[in-house]
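Residue-level structural notes
What follows is the residue order along each chain.
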Amino acid sequence: MKRVAVLGATGIVGQRLVSLLGNHPWFELTAVAASEKSVGKKYCEVVRWVIERPMPAKAGDLELLPISSDIAREKIDIVFTALPAEIAKDIEIELARQGVIVVSNASPMRLEPDIPLINPEVNADHIEAIEYQRKIRGWSGAIVKVPNCTTAILTLSLKPILDDFGIKKVIVSTMQALSGAGLTGVPSMFILDNLIPFIEGEEEKVENESRKILGRLKTDGIALNTSFVASASCHRVMVLEGHTEAVFVETERDVVIEDLIRIMEEFRSNKIKGLGLPTAPEKPIVVRREIDRPQPRFDRMEGEGMSVVVGRLRKDYALSGVKYVVLGHNTLRGAAGTGVLIAELMVKKGLA
Ligand SMILES: NC(=O)c1ccc[n+]([C@@H]2O[C@H](COP(=O)([O-])OP(=O)(O)OC[C@H]3O[C@@H](n4cnc5c(N)ncnc54)[C@H](OP(=O)(O)O)[C@@H]3O)[C@@H](O)[C@H]2O)c1
């Protein structure tokens, strides 16, 4: 068993991590940390648990530690971070210097070429960039990033289109869940009977990270895919969990919709095939043929929240390509679940 810790364990992504790691066959959750106000108290006494499954009993008994690289002293193999961006960067660097593997949900460093930004079914091979990272940064640990939630969902749906038809342009308009803003993110006074047509920094993340995830591993890090451009418009809506994205893709080659449906349904990803990773969904992409699916309430838990659900696949004549709706669970596929899947990949490849 690998010893693992969660920094930011009381937040919404942190709780998902605790839920997944507390019952994991390869990982033993041995430490949890949160802000000063909780330090020294038992996890179950402090956390406002919002996950549909019960809190793992052993996790509830853990004493909360401060957010500090001292956590490395607990002989931790892998630290999962679910911290606000401004706090994450320094501590993640310090942990990597101390030889720890850091799987991070925070945005700093996601675009740096030596930092793998991994959506396993799409670009598991990019994990090899940690060798270059260790060389240029002179540390024995590693920092690996989980993509932005919207981008993780989008790039999984784009991967088979890119492989089979080529992509010139992607336009995406999102309807993003409240949980994406964190446990105390959007006050009810602002969101009830409403939507908010702006999420700070989100559009840039989708536009840039998608080109890195769909980019290429080189000896000096990861090169962006410059063969396509992406444009995003991001919006917060009154849904608890599950980001929905309306996607318009200009393709290099003509798409026959029935062919694309089959290709998406059969997509199993040669990147992680046969590795037996416990958190990998059997079908990364589920296609619905009903005219009114996917819907967040009914479809977000597909594949234990790790599959994305595509619907309304049809030709797009304005862009000469296809358009569709994709839905994914933002705190599972878009954060904690993908983080755990990355760690499993690293263990299986002997990197953690
Ligand atoms: N929510 C999503 O769907 C999602 C998806 C992808 C990525 N992310 C990223 O994941 C990270 C965590 O997001 P979240 O939604 O889980 O946020 P959250 O619910 O607000 O949780 C934040 C966590 O960080 C701790 N924290 C906050 N301020 C701190 C401080 N000053 N010092 C030490 N600890 C502090 C909190 O501890 P206390 O409870 O003790 O305050 C809590 O455990 C962010 O970087 C976010 O951008 C989120």
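Look up a bit, the structure's there.
Residues numbered from 1 in each chain as written. Predicted model: local features only at pLDDT ≥ 70, side-chain atom pairs only at ≥ 80, totals over all residues. Heavy atoms only, no water.

**Describing the sheet that holds strand β1 (residues 2–7)**
Taken together, 6 strands build an open sheet; the order of strands is β3-β2-β1-β4-β5-β6 and the sheet is parallel. The sheet terminates laterally at β3 (64–66) and β6 (142–145), the two strands that pair on one side only. Averaged over neighbouring strand pairs, the angle between their axes works out to 30° when direction is ignored. Bridge count for β1 against strand β2 (residues 27–34) is 6 bridges, and the pairing is parallel. Bridging across to β2, Val 6 finds its partner in Val 32. Packed on one face of the sheet, helix α1 (residues 12–21) meets β1, β2 and β4 (78–81) and runs near 160° to β1. Of the strands in this sheet, β5 (101–104) and β6 touch helix α6 (residues 129–137), which is tilted by about 135° from β6. (Pairing = 2+ DSSP bridges. Helix = DSSP H or I, 4+ residues; strand = E, 2+ residues; numbered from the N terminus. Axes fitted to C-alpha atoms, helices over the stretch in contact; angles between N-to-C directions. Contact = heavy atoms within 4.5 Å.)

**Section: the sheet that holds strand β13 (residues 308–316)**
Pairing is mixed in the open sheet, where 6 strands are placed in the order β10-β7-β11-β14-β13-β12. Since the sheet does not close on itself, it has two edges, and those belong to β10 (229–233) and β12 (285–287), each with one partner. With strand direction ignored, the average angle separating the axes of adjacent strands in the sheet is 25°. With 8 bridges connecting them, strand β7 (residues 167–175) and strand β11 (residues 243–251) associate as antiparallel partners. Residue pairing in the sheet places Lys 169 in a bridge with Glu 250 of β11.

**Side note on the packing of α1 against helix α12 (residues 332–348)**
Two elements in contact, α1 and α12, have axes separated by 9 Å at closest approach and are oriented at 40°. Taken together, the axes of α1 and α12 are oblique relative to one another. Considering only the axes of α1 and α12, their crossing is right-handed. Counting all contacts with α1, which are made through Val 13, Arg 16, Leu 17, Leu 20 and Leu 21, the residues of α12 involved are Leu 332, Ala 335, Ala 336, Gly 337 and Val 340. When the residues that make up the contact of α1 with α12 are grouped by side-chain class, the tally is 8 nonpolar, 1 polar and 1 charged. (Parallel < 35°, antiparallel > 145°, perpendicular 65-115°, else oblique. Left-handed = near helix turned anticlockwise from the far one by under 90°. Nonpolar A, V, L, I, M, F, W, Y, C, P; charged D, E, K, R; others polar.)

**Focus: the environment of Arg 314**
For Arg 314, the position within the fold is in strand β13. For Arg 314, a relative accessible area of 27% corresponds to the partly exposed category. Spatially, the C-alpha atoms of Arg 314 and Ile 261 are 9.8 Å apart, while their sequence positions differ by 53 residues. Once you skip the residues sitting within four places of it in the chain, Arg 314 turns out to touch Ile 257, Gly 321, Val 322, Lys 323 and Tyr 324. A distance of 2.6 Å separates a polar side-chain atom of Arg 314 from the backbone oxygen of Arg 312. (Buried < 20%, exposed > 50% of the residue type's maximum accessible area, 1.4 Å probe, protein only. Polar contact = N/O pair within 3.5 Å; in protein donor to acceptor, adjacent residues only side chain to side chain.)

**Notes on unusual backbone geometry**
For the bond from Arg 293 to Pro 294, the omega torsion is 5°, close enough to zero to count as cis. With respect to the helices and strands, Pro 294 occurs in the loop between β12 and α11 (296–299). With phi around 55°, Glu 304 is a residue other than glycine that occupies positive phi space. Residue position: Glu 304 is located in the loop between α11 and β13.

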